[in-house]
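Now for the letters of each chain:
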Amino acid sequence: MYCQHCGKEIKDKAVVCTGCGHPVDSVGDVEGKTVAGEPWNLLMMSGLIVATLFVPPVGLVFGIMGLMDEAKKVQGAILTTIGVFMTLLMVAIILGL
Ligand SMILES: [Zn+2]
C-alpha cells in the first residue's frame, strides 16, 4: 500500500509511514468518509427559523441548501417545511382566504 499523505510505498501493516511519519489510515476508512459540512449551530438555526417566519423564501433557499448537505439534512427539512407552510399562509393572506 501507499501512504495517503506522501505517497511513499509502505508495508501493509505499517501503523506509521516510514517516509513522513504520519499515522497510516486504513484505506477503507478513508474511502468510506463522505465530505460533509457541519450542521448549523443553534444560533444560526434559530435565526433561520425566525427569518423564515417573516420572509418564507429564506427558509426555502436555506432549506434546500441544507437538504443537499448530509450534515444539515434534518435542519434543511425543518426549514423547508416551515418555508413551504409560511409561503402558503402568506399566499392565503394575500388572496384574502
Ligand atoms: Zn507518508
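Note: the structure precedes this text.
Counting from 1, residues in each chain are numbered in the order their sequence is written. Side-chain atom pairs in this predicted model are given and counted only at pLDDT of 80 or more, local residue features only at pLDDT of at least 70, and totals for whole chains, interfaces and linings cover all residues. The basis for the side-chain values is all heavy atoms of the structure; hydrogens and waters are excluded.

Enquirer: Is there a simple way to think about the packing of aromatic side chains in this case?
Expert: Centre-to-centre distance and the angle between the planes together describe a pair of aromatic rings. Two aromatic rings from Phe, Tyr or Trp, using only the six-membered ring of Trp, form a pair when their centres are within 6.5 Å; if the ring planes differ by under 30 degrees the pair is stacked, by over 60 it is edge-to-face, and anything between is tilted. The full count for this structure, using the stated rule, is one aromatic pair. Taken together, a centroid distance of 6.2 Å and an interplanar angle of 65° make the contact between tryptophan 40 and phenylalanine 62 edge-to-face. Pair noted here: tryptophan 40 is in the loop between α1 (27-32) and α2 (42-54) and phenylalanine 62 is in helix α3 (residues 56-67), with a separation of 22 residues, a long-range link. The cut-offs for exposure are 20% and 50% of the maximum accessible area for each residue type, with area from a 1.4 Å probe on protein chains only; residues under the lower value are buried, those over the upper are exposed, and the others partly exposed. Residue phenylalanine 62 is classed as partly exposed on the basis of its relative accessible area of 26%. For helices the rule is a DSSP run of H or I covering at least 4 residues; for strands it is a run of E covering at least 2, with both sets numbered from the N terminus onward.

Enquirer: Would you mind showing me how to read the packing of α2 against α3 here?
Expert: Axis angle and axis distance: for two packed helices, these are the angle between their axes and the distance between the axes, and together they describe the pair. Lines fitted to the C-alpha atoms define the axes, with helices restricted to the stretch that makes contact. Angles between their N-to-C directions range from 0 to 180 degrees. Two elements in contact, α2 and α3, have axes whose closest approach is 5 Å; the angle formed by their N-to-C orientations is 135°. By the angle between their axes, α2 is oblique relative to α3. Across the interface between the two elements, Met44, Leu48, Ala51, Thr52 and Phe54 from α2 touch Pro56, Val58, Gly59 and Phe62 from α3. In the contact of α2 with α3, the residues fall into seven nonpolar, two polar and no charged. Throughout this description, any angle smaller than 35 degrees is read as roughly parallel, any larger than 145 degrees as roughly antiparallel, any in the 65 to 115 degree range as roughly perpendicular, and the remainder as oblique. Should any heavy atoms of two residues lie within 4.5 Å, those residues are counted as being in contact. Here the nonpolar group is Ala, Val, Leu, Ile, Met, Phe, Trp, Tyr, Cys and Pro; Asp, Glu, Lys and Arg are the charged ones; every other residue, Gly included, is treated as polar.

Enquirer: Got a minute to help me understand the coordination of the zinc ion in this structure?
Expert: When four donors bind a metal tetrahedrally, each ideal donor-metal-donor angle is 109.5 degrees, and when six bind octahedrally, the ideal angles are 90 or 180 degrees. With water excluded from the atoms, a metal site may look incomplete; its donors are any N, O or S atoms within 2.8 Å, or within 3.2 Å for Na, K and Ca. Coordination of the zinc ion by the protein comes from Cys3 (SG), Cys6 (SG), Cys17 (SG) and Cys20 (SG), over a distance range of 2.2 to 2.3 Å. Key to geometry: four donors with every angle between 85 and 135 degrees are tetrahedral; four donors are square planar and six octahedral where opposite donors lie over 155 degrees apart and all remaining angles lie between 65 and 115; all other sites are irregular. Note that the zinc ion binds four donor atoms; their angles at the metal cover 103 to 115°, and the shape is tetrahedral. Sequence spacing among the residues donating to the zinc ion works out to C-x2-C-x10-C-x2-C. In this pair, cysteine 6 sits in the segment before α1 while cysteine 20 sits in the segment before α1, placing the two residues 14 residues apart along the sequence.

Enquirer: Explanation requested: helix α4 (residues 73-94) in the structure shown.
Expert: Because an α-helix packs 3.6 residues into every turn, residues spaced three or four apart end up facing the same way. For a helix, the expected span equals 1.5 Å multiplied by the number of residues minus one. The end-to-end C-alpha separation of α4 is 31 Å, in line with the 32 Å expected for 22 residues at 1.5 Å each. Here α4 has its buried residues at Gln75, Gly76, Leu79, Thr80, Ile82, Gly83 and Met86. Immediately downstream of α4, the backbone of glycine 96 shows phi near 70°, a positive value.

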